[in-house]
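# Architecture at a glance
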Amino acid sequence: MMSKTMKYTRTRLLSAMALSISSLGAAAQAPDNAPSFTPTENTLLSPAPQLASGPLFPGVLGQALADFDNDGDLDLFVTNSEGLPNYLYLNDGNGHFHDVATQAGVALPDSYAVSVGIGDFNNDGLLDILIGRQTGTSGGPAHPVLLQNMGKNVNQVPVFADVSDASGLSTLAAGTRALGFAVADYNQDGALDMYIAAFDLTNSGDANLPLGTSDPNVLLINKGNRHGIPVFSDRTESAGVAGLKVAGRTPETSDSFWYPHTWSVYASDVDANGLMDIIVMNESPGGVEVYLNQGDGRFSLLEDETLLLAGGWMGIASTDFDGNGTLDYFITNLGAEMDKFGVPPQINIGAAVNPGGQPYHFLLSGTTSRELVDIADSINVTASQTLPAASLGLKPGLQAYGFGWGATFFDADNDGYKDLYWVGAHWAGMPLNGIGRFLHNIEGSSFADITDSANLFNIPAGDAVDFSSANNGYSVLSGDIDNDGDSDLVVINGSDSPAPNATAGIRIFRNINGNNNRQVSVSLHNDSENHFGIGSRVELYVASSDVMASWMDEDDADAHTDDLIQAIIANYESRQLEEIVTTTSSFSAAQPIAVFGLPAKTAFVALKVTWPDGYISYHLVNPHESAVTLRRSHKRHDSRDGKRTDQLRRKHENHTEHQASDSRRSHARQQHAARRARVAMHRIV
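Every chain is numbered independently, its residues counted from 1 as its sequence is written. Only residues with pLDDT of at least 70 are given local features in this predicted model, and only at 80 or more are side-chain atom pairs given and counted; all residues enter the totals for whole chains, interfaces and linings. Here the side-chain values reflect all heavy atoms present in the structure, with hydrogen atoms and water set aside.

Before going further, it helps to spend a moment on the overall build of the protein. A run of H or I in DSSP counts as a helix once it spans at least four residues, and a run of E counts as a strand once it spans at least two, with each numbered from the N terminus. Along the protein, the regular secondary structure elements total eight helices and 41 strands. In the protein, buried positions account for 63% of the 685 residues. We call two residues in contact when some of their heavy atoms are within 4.5 Å. Nonlocal contacts in the protein, meaning residues at least 24 apart in sequence, comprise 65% of its contacts between residues at least 6 apart. When the accessible surface of the protein is summed, it comes to about 24300 Å², and 50% of that surface belongs to carbon and sulfur atoms. Think of it in three bands: residues with accessible area under 20% of the maximum for their type are buried, residues over 50% are exposed, and the middle band is partly exposed, with areas taken using a 1.4 Å probe on protein chains only. Only the protein chains shown count as covering a residue, and every accessible area follows the Shrake-Rupley method with a 1.4 Å probe.

Attention now goes to the sheet that holds strand β11 (residues 178–184). When DSSP finds two or more bridges between two strands, those strands count as paired. Taken in spatial order, the four strands make up an open sheet running β11-β12-β13-β14, and their pairing is antiparallel. Of all the strands in the sheet, just β11 and β14 (229–234) have a single pairing partner and so form its edges. For this sheet, the mean inter-axis angle between neighbouring strands, taken without regard to orientation, is 30°. For strand β13 (residues 218–226) and β14, the ladder comprises five bridges, and the chain directions are antiparallel. The residue bridging N222 from the neighbouring strand is F232, located in β14. With axes taken as lines fitted to C-alpha atoms, and helix axes fitted only over the stretch in contact, angles between N-to-C directions fall between 0 and 180 degrees.

This part takes up the nonpolar core. One recurring pattern in soluble globular proteins: nonpolar side chains tend to sit buried together. By nonpolar core we mean a set of buried residues, namely Ala, Val, Leu, Ile, Met, Phe, Trp, Tyr and Cys, connected to one another through side-chain atoms within 4.5 Å. Ranked by internal contacts, the top residues of the largest apolar core, which has 58 residues, are F68, F77, L88, V106, I129, M194 and V522. Filtering out sequence-adjacent residues up to four positions away, M194 remains in contact with F121, L130, L169, F181, A182, Y186, V218, L219, L220 and F232. Counting 36 residues, the second-largest nonpolar core is a separate cluster that includes I347, I450, Y474 and V476.

To continue, consider the confidence of the model for the protein. Per-chain confidence: the protein averages 87 in pLDDT, with 86% of residues scoring 70 or above. Segment residues 1–25: pLDDT under 50, and 40 contacts once partners within four positions in sequence are set aside and those in other chains are kept. Predicted confidence is poor over residues 677–685, with pLDDT under 50, and the contacts of this stretch with residues over four places away or in other chains come to 21 contacts. pLDDT is defined as a per-residue confidence score from the predictor, taking values between 0 and 100.

Let's shift gears to the sheet that holds strand β38 (residues 594–598). The sheet built from three strands is open, its strands ordered β38-β33-β41 with mixed pairing. In this open sheet, the two strands that pair with only one neighbour each are β38 and β41 (627–632). For this sheet the average axis-to-axis angle between neighbouring strands, irrespective of direction, equals 20°. Of the pairings in the sheet, the one linking strand β33 (residues 518–526) to β41 comprises six bridges and is parallel in character. Bridging from a neighbouring strand, L524 pairs with L630 of β41.

Right, let's talk about the side chain of S384 for a bit. Counting through the fold element by element, S384 comes out in the loop between β25 (380–382) and β26 (407–410). From its side chain, S384 meets the backbone oxygen of T386 in a polar contact 2.7 Å long. Pairing of N or O atoms within 3.5 Å defines a polar contact, subject to two protein rules: one partner must be a possible hydrogen donor and the other a possible acceptor, and residues neighboring in sequence count only if both atoms are side-chain atoms.

The two faces of the sheet receive side chains in turn, since in a regular strand these alternate between them. Counting buried positions over the six residues of strand β40 (residues 616–621) gives five, a clear majority of the element. With six bridges connecting them, strand β39 (residues 605–610) and β40 associate as antiparallel partners. By the bridge assignment for β40, A606 is matched with L620. With antiparallel pairing between neighbouring strands as the criterion, β39 and β40 make up a hairpin whose turn holds five residues, including G614 at a positive phi of roughly 95°.

To continue, consider the side chain of D374. By the secondary structure assignment, D374 is in strand β24 (residues 372–374). Of note is the side chain of D374, whose polar atom sits 3.1 Å from the backbone nitrogen of L363. At a separation of 3.1 Å, a polar atom in the side chain of D374 contacts the main-chain amide nitrogen of A376.

Once that is clear, we can look at unusual backbone geometry. S46 connects to P47 through a cis peptide bond whose omega is -5°. By secondary structure assignment, the location of P47 is in the loop between β2 (45–46) and β3 (63–66). With an omega of 20°, the peptide bond between S284 and P285 qualifies as cis. Within the secondary structure, P285 sits in the loop between β18 (277–282) and β19 (288–293). With phi around 55°, Q188 is a residue other than glycine that occupies positive phi space. For Q188, the location among the structural elements is in the loop between β11 and β12 (193–198).

Okay, here's the thing in structure tokens:
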């Protein structure tokens, strides 16, 4: 079998001809039982939010879709501009929300809040909130805020305490303005660290200058709890992750170097070696920087000419979209129309549309050999009949599409393949056509643009379906907000769209998919460290017909559940891979879970979870199981000084002693799952 890199390199040679035929030929048709959504404005939210875009870059607002009160459903936190409160909407379990921000202590009306990160930084089983801020008109502090979740009060409202001073966040360099957070355990000591995307929006006008004001990013390492509060230490310099400096763009400034502004950051194990790496999305003239974790407190920059192309790199989403066992990354950019403007090369934004840059989106295909291969131009995207991408015929595949901000991969119809949705923006005098898109995944090999039939154009209700009518969407997250077994979408719209009826607000697209497929969510709980297992890899395997046939009538299958799991993994029909993360899209964060879609009549399904310390858990999924929680009580015995032990180096080693203990505790449950799987299989056949 040819390698993934070879396959797509070969495909690229034919892309100009084959994809032009596909794009200009028959337009995308919605498949049978295609996903469909119902957009709502604020009818699910009480009270309706009053959002205001900030004065520095109108529209930039973040959100977090997560379970802040630990009641099993997704709540919604949204940042707001100075003078207006943030919102914390608690979910009633059916997708209706009520705001408790003031009672919870997270309203912060005097802050100019723009971005969100989440994580359990003190390992108490509760999700804490990070808020990135900018300098408002009052001139108050703009350092990031850490709000520690203290649990629920007598009214069942989660209460948060500002621990920014005690944790060390308030002592960051005065210029640190956070537009995003990449939360992970970078030194594998069991405590969550954070990497901060720095962008002081007062300098957003640097795009039109030949030189900019430096915005170095920041790495904060969690040193553990002091009186129950996590304490962080700045390790940016020793880790080598402040950023990659760029030179001024005129002869007069070419000897001056500065750190470009960063829109978004993302934590992921890019090279699949068990260590969390960092992906940095920079404003032009910066590129996409990938810092590979060396395991000794230092990171090395992945030297790749394609990744370092200048662009307006803004949002990110990750999954294994083609089911080959490696993670892929979609990164939004300025869009195809940008190269029509003839922007002069001597200003920073001009770097993206001149030699050494590119304005097109990335679809980075991951490999285990420390490579990321951009396949955006070689992936087949069947065009939409309604508002086809303006650059079809000029650019192939995903490169034909317009301006994008936040993005998400999610399985809209639970068919086992992750679909892609992103939001975009447009401005008067700049026809960027950033309307956003929904691309339906066709069995992991191509996409079909069915934005219109899925009712996912981000256009005010009743307005004409036209590029000029679009809202300006900045962030998007996916999750099952109404607990009906399929994923919905939450979009944050800014107030800076030139469309006459566009407004800032929260727009929820409820999934009304009616097929018989199902969804399985996987949550991880470690009672001792990294409570939610951030950085874990969750693999789902669907048994082949040979495995189903051989185990369907096995008389003593109950006694060999572990053998059944291994048989499924060794002889799978299909597989899916997700990484447990929190920060994603742009300016936003999501519940640390893995969500999978399963086609109807799927019976034999196995899970394999590789935890951050290398420990491996297995689970046989019950045919009617929709939510799986895997728990550990393991406590490390090595010191917490950041040094890697032999146990941590052997990422994929099977820790048999712990697994035997887990197996004994779950043996009865797994036997029951095996019986249910065989019964379901008999019914299917």
